[in-house]
Amino acid sequence: MICIPNANLPVVLGLTMVKAFAPGKCILFGEHAVVYGHPAVAVAIDSGVEVELIESDAWTIEGMPFQSEKHPHLSHILEDVFNYDGKPLEISINSDLFSAAGLGSSAALSNAMGAAVQKLLDSDCELDVIELAKIGHAAEAKAQLGRASPTDTATSAMGGCIVVSGQKVSGTRHVFDSSLVTPEGMRKWSICEVELPDNLDAWLVLGFTGIGSPTGDMVAGVAKLLNDDPSKHKEMDAISKITYAGLAALGAGNLEAVGMAMNTCHEKLQLLEVSSRELDALVEAVLPHSLGAKLTGAGGGGCMVALTEQPQRVAEAIEVAGGTPLISRLGAKGVRIV
Ligand code: PMV
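Structure report, in brief. Numbering of residues starts from 1 in every chain and runs along the sequence as written. With pLDDT at 70 or above as the cut-off, local features in this predicted model cover only qualifying residues; side-chain atom pairs require 80 or more to be listed or tallied, and sums for whole chains, interfaces and linings still use all residues. For the side-chain quantities, the full set of heavy atoms in the structure was used; hydrogens and water were omitted.

### Overview of the overall build of the protein
Part 1: Put simply, DSSP marks the helices as runs of H or I at least four residues long and the strands as runs of E at least two long, and each gets a number from the N terminus on. Broken down by element type, the protein carries nine helices and 14 strands.
Part 2: In terms of C-alpha radius of gyration, the protein reaches 20 Å, essentially the compact-globule figure of 20 Å for 338 residues.
Part 3: A principal-axis box enclosing the C-alpha atoms of the protein has dimensions of 60 × 45 × 35 Å.
Part 4: Looking at the protein as a whole, 54% of its 338 residues are labelled buried.
Part 5: When contacts within the protein are restricted to residue pairs at least 6 apart in sequence, long-range pairs at least 24 apart make up 74% of them.
Part 6: If you sum the accessible surface of the protein, you get close to 14,600 Å²; carbon and sulfur atoms cover 52% of it.
Part 7: Within this scheme the basic residues Lys and Arg register as positive and the acidic residues Asp and Glu register as negative, but His and the chain ends are omitted. Where a charge lies is defined by one atom per residue type, namely NZ (Lys), CZ (Arg), CG (Asp) and CD (Glu). In the protein, 23 positive and 40 negative side-chain charges are present, and the distance between their average locations comes to 5 Å. Our radius of gyration is a C-alpha quantity, and the globule rule it is checked against amounts to 2.2 Å times the number of residues to the power 0.38. Each residue is assigned to one of three classes by its accessible area relative to the maximum for its type, calculated with a 1.4 Å probe on protein chains only: buried under 20%, partly exposed between the two thresholds, exposed over 50%. The contact rule is simple, with two residues in contact once any of their heavy atoms fall within 4.5 Å. Here the Shrake-Rupley method, with its probe set to 1.4 Å, supplies the accessible areas, and only the displayed protein chains count as covering residues.

### Topic: the packing of helix 3 (residues 129-143) against helix 4 (residues 151-158)
Part 1: All axes here are fitted lines through C-alpha atoms, helices being fitted over the stretch that makes contact, and every angle between N-to-C directions spans 0 to 180 degrees. Interaxial distance between helix 3 and helix 4 falls to 8 Å at its minimum, and their mutual angle equals 150 degrees. It follows from the interaxial angle that helix 3 and helix 4 lie roughly antiparallel. For the crossing formed where helix 3 meets helix 4, the hand is right-handed. Residues Val129, Ala133, Gly136, His137 and Glu140 of helix 3 form the contact with helix 4, whose participating residues are Asp152, Thr153, Ala154, Ala157 and Met158.
Part 2: Tallied by class, the residues present in the contact of helix 3 with helix 4 amount to five nonpolar, three polar and two charged. When describing relative orientation, an angle under 35 degrees is termed roughly parallel and one over 145 degrees roughly antiparallel, while 65 to 115 degrees is termed roughly perpendicular and anything else oblique. Left-handed describes a crossing whose near helix is turned anticlockwise from the far helix through less than a right angle; right-handed describes the clockwise counterpart. Note on residue classes: Ala, Val, Leu, Ile, Met, Phe, Trp, Tyr, Cys and Pro are nonpolar, Asp, Glu, Lys and Arg are charged, and everything else, Gly too, is polar.

### Some words on the sheet that holds strand 10 (residues 203-208)
Part 1: What the four strands build is an open sheet, ordered 11-12-10-13; its pairing is antiparallel. With partners counted over all chains shown, the strands left at the sheet margins are strand 11 (292-296) and strand 13 (324-328), one partner each. Neighbour to neighbour, the strand axes of the sheet diverge by 25 degrees on average, direction disregarded.
Part 2: Taken strand by strand, helix 8 (residues 277-286) contacts strand 10, strand 11 and strand 12 (303-308), and its axis lies near 15 degrees from that of strand 12. A pair of strands is considered paired only if DSSP assigns at least 2 bridges between the two.

### Things to note about the layout of surface pockets
Part 1: Its boundaries defined by the atoms lining it, the largest pocket holds a volume of some 1,000 Å³.
Part 2: Definitions used for this entry: grid spacing 1 Å over protein atoms alone; cavity, a set of points where a 1.4 Å probe fits but cannot get out; pocket, an open set with protein on both sides within 12 Å along at least 5 of 7 lines; lining residue, one with an atom within 4 Å of a point. Contributing to the lining of the largest pocket are 32 residues, with Gln144, Arg147, Ser149, Thr215 and Gly216 lying nearest its centre.
Part 3: For the lining of the largest pocket, the elements supplying multiple residues, two or more each, are strand 2 (15-29), helix 2 (105-121), helix 4, strand 9 (185-194) and helix 5 (215-228).
Part 4: At three residues, the largest contribution of residues to the lining of the largest pocket is made by helix 5.
Part 5: Of the residues contributing to the lining of the largest pocket, the split by class is 11 nonpolar, 14 polar and seven charged.
Part 6: Grid points are joined across faces, edges and corners, and a volume is the space filled by probe spheres set on the points. Here the second largest pocket is characterised by a volume of approximately 360 Å³.
Part 7: If you trace the second largest pocket, you find 20 residues lining it, with Gly160, Glu195, Leu196, Leu330 and Gly331 closest to the centre.
Part 8: Classifying every residue of the lining of the second largest pocket by side-chain character gives nine nonpolar, five polar and six charged.

### Considering the side chain of Asn111
Part 1: Examined against the element boundaries, Asn111 turns out to sit in helix 2.
Part 2: On the basis of relative accessible area, Asn111 is assigned to the buried category, the value being 0%.
Part 3: Excluding its chain neighbours within four sequence positions, the residues that come into contact with Asn111 are Ala22, Leu132, Ala133, Gly136, Thr153, Ser156, Ala157 and Val335.

### Comments concerning the pattern of salt bridges
Part 1: Every case where a carboxyl oxygen of Asp or Glu lies within 4 Å of a side-chain nitrogen of Lys or Arg is listed as a salt bridge. A full pass over the atoms with the stated rule returns eight salt bridges.
Part 2: The closest approach of N and O atoms between Glu235 and Lys234, which form a salt bridge, is 3.6 Å.
Part 3: Among the ionic pairs, Arg277 bridges to Glu278, the shortest N-O distance being 3.3 Å.
Part 4: Take Arg277: its relative accessible area is 67%, and that puts it in the exposed class.
Part 5: Judged by relative accessible area, Glu278 falls into the partly exposed class, the value being 28%.

### What to know about helix 3
Part 1: In a helix, the anticipated span is given by 1.5 Å times the number of residues less one. Along its 15 residues, helix 3 runs 21 Å from first to last C-alpha, staying within 8% of the 21 Å computed at 1.5 Å per residue.
Part 2: Looking only at helix 3, the buried set comprises Leu132, Ala133, Ile135, Gly136, His137, Ala139, Glu140 and Ala141.
Part 3: In this structure, the buried side of helix 3 is in contact with helix 1 (72-81), helix 2, helix 4, strand 8 (173-182) and strand 9.
Part 4: The positive-phi residue at the C-terminal boundary of helix 3 is Leu145, with phi of around 50 degrees.

### Some remarks on the state of the cysteines
Part 1: Cysteine sulfurs are considered disulfide-paired once they come within 2.5 Å of each other. Under the defined criterion, the tally for this structure stands at zero disulfides.
Part 2: Distance from the sulfur of Cys192, which forms no disulfide, to the nearest cysteine sulfur (Cys161) is 11 Å.
Part 3: Considering cysteine sulfurs only, Cys26 is the nearest to Cys303, which forms no disulfide, with 8.3 Å between them.
Part 4: Its relative accessible area of 0% is what places Cys303 among the buried residues.

Next comes the structure, spelled out in structure tokens:
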């Protein structure tokens, strides 16, 4: 295909501009267990990150000079992936995600940036979301010293409901495989998608504790716990079984069963010592109005998530209990030009 640079992009005061949006994500089942090869199920959420690029005379970000070493995700995409040598860019970023809260804000940033640059260079081309997921994963890996699972970037790029696992998971559609050389050796993942029923009459409500969630520390803590007390491996196996059950319930549209699986998953995550007083308080506060609730992501701080038919009631319960709520549908669309 012949691609014409900038042919179809808006021009403002003689300058070409492009805007892309990528959603955040929420892990429904399988956090921590996925590190040990078990499956994780994540859905894209309505909130995310928007990146706007305007061709300009000088490199800026949010009106300040752009220093590439301070923005490893963005500089990796511009320099290593696209070898960008066009006009300087004015970069603007708008996010409605809580950052460092397990909602995939850096993955959404990488995907939105990748999409914006891809479109700026090839205005006629359709976005290649699988390529963007791979680019985003590489950017995350570079920024996180070689340790990043593809869960956030794949879910943000593809949208909908994604299963990431050490092996192919039956009942899902295999999309692509991903691998990464990490400081601990080569890791491989299979990325699959699950079709959600159209008529799901429930919402996710995320509740942010206000406390940052250090994924690396939490993963290291679980590794130490398993080493000190190998009997804890049974909690990992239990999470894996709950993930399969939750996935089957989700595909069948059985929301009560999804909620029950979420509650049980939270209990197992508590036994892995990744919950906290604040997360437990938010989970407890929403249960009377929810089908189920659990922490989501690495734990320690960050967010919990509730599945509910009464999103406003749940949002109020989260606020009363001291958290900050965010309401979303299940499985929003993936990265796109806006
Ligand atoms: O970074 P978070 O908070 O979305 O959670 C990561 C999920 C873990 O399973 C804890 C780590 C991983 O790499 O999958």
